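Letter by letter, the chains look like this.
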Amino acid sequence: MMRKPIFYILLGVIFIMGLTGCGAAKYRLSFDGFGFGSEKTSYAEGETVTFTYDMVATDTDYRFFADSGDVKLKQEFDGKHGYVFTFTMPAHDVKISMESRNTMTMDPEAHKPETDTADPGNKEDSMQTETWYCPECGTKNDTKYCAQCGFKKPQ
Ligand SMILES: [Zn+2]
């Protein structure tokens, strides 16, 4: 009988293919955002995943994170690729997300105008034009506080 050995060889080939990865479970690596790069998009469990992020701006803070707590991202910086990350693929799909915050953003509170100069019809404003002498240092002032020492104008 010639058919039987061929059947077993075929079975063996299928079994080996299964072991070497063709049939092994692979998990997807996906990214939420632009600028990410990776060589492969699917990895077997335990495989080391490497991906990069190259849209790096110096005035921006970045925070990278995976969608599950069992993924520990190892972050390095490479002048050629930008950020280079590695992690070990768990037994499920992984999605990488990124948060960025521009560090140059103005703090609106820091540039708030003085509240008592806003309204020209304000009674306090007309009082500000009167000159007065600082009882603390003798400086002549026409503002609410002494220009020299900061002493508040006596009412
Ligand atoms: Zn003064």
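The sections below set out a description of the structure shown in this document. Residue numbers restart at each chain and count upward from 1, following the sequence in its written direction. Predicted model: local features are reported for residues with pLDDT of at least 70 only, side-chain atom pairs are reported and counted for 80 or more only, and whole-chain, interface and lining totals are derived from all residues. In computing side-chain properties, one takes all heavy atoms of the structure into account and sets aside hydrogens as well as water.

**A short note on the coordination of the zinc ion**
Tetrahedral coordination by four donors puts the ideal angle at the metal at 109.5 degrees, and octahedral coordination by six puts it at 90 or 180 degrees.
Here comes step 1: Only Cys134 (SG), Cys137 (SG), Cys146 (SG) and Cys149 (SG) from the protein reach the zinc ion as donors, at distances of 2.3 Å.
Here comes step 2: Its four donor atoms give the zinc ion angles of 105 to 116° at the centre, a pattern that matches the tetrahedral case.
Here comes step 3: For Na, K and Ca the donor cut-off is 3.2 Å; for every other metal, N, O and S atoms count as donors within 2.8 Å. Water does not enter the count, which can leave sites looking incomplete. The sequence pattern formed by the donor residues of the zinc ion is C-x2-C-x8-C-x2-C. Of the two residues, Cys134 is situated in the loop between strand E9 (132-133) and strand E10 (140-141) and Cys149 in the segment after E10; the sequence distance between them amounts to 15 residues.
Here comes step 4: Any residue under 20% of the maximum accessible area for its type is buried, any over 50% is exposed, and the rest in between are partly exposed; the area is computed with a 1.4 Å probe on protein chains only. Looking at Cys134, the relative accessible area reads 5%, which means it is buried. Angular criteria define each label, namely tetrahedral for four donors with all angles between 85 and 135 degrees, square planar for four and octahedral for six donors with opposite donors over 155 degrees apart and remaining angles between 65 and 115, and irregular for whatever fails these tests. A helix here means a DSSP run of H or I that spans at least four residues, while a strand means a run of E at least two residues long, and both kinds are numbered starting from the N terminus.

**Here's the deal with the packing of aromatic side chains**
Here comes step 1: Pairing of aromatic side chains requires ring centres within 6.5 Å, counting the rings of Phe and Tyr and the six-membered ring of Trp. Pairs whose planes differ by under 30 degrees are stacked, by over 60 edge-to-face, and all others tilted. Inspection of the entire model under this criterion finds 15 aromatic pairs.
Here comes step 2: Between Tyr62 and Phe64, the ring centres sit 6.0 Å apart and the planes meet at 20°, which makes this aromatic pair stacked.
Here comes step 3: Three or more aromatic residues link up through ring pairs in this structure, and these residues are Phe31, Phe36, Phe51, Tyr53, Tyr62, Phe64, Phe77, Tyr83, Phe85 and Phe87.

**Quick word on the sheet that holds strand E1 (residues 26-32)**
Here comes step 1: Two strands pair if DSSP finds at least two bridges between them. Taken together, the four strands give an open sheet; going across it, the order is E3-E1-E8-E5, and neighbouring strands pair in mixed fashion. Strand pairing shows two members of the sheet lacking a second neighbour, strand E3 (42-44) and strand E5 (60-66), which therefore form its edges. Within this sheet the neighbouring strands show an average axis-to-axis angle of 25°, counted without direction.
Here comes step 2: Note that E5 and strand E8 (residues 94-102) share seven bridges and pair antiparallel. If you follow Arg63 over to E8, its bridge partner there is Glu99. For helices, the axis comes from a line fit to the C-alpha atoms of the stretch in contact; other axes are also lines fit to C-alpha atoms, and the angle between any two N-to-C directions lies between 0 and 180 degrees.

Everything listed here is a matter of coordinates, which is why it stays silent on function.
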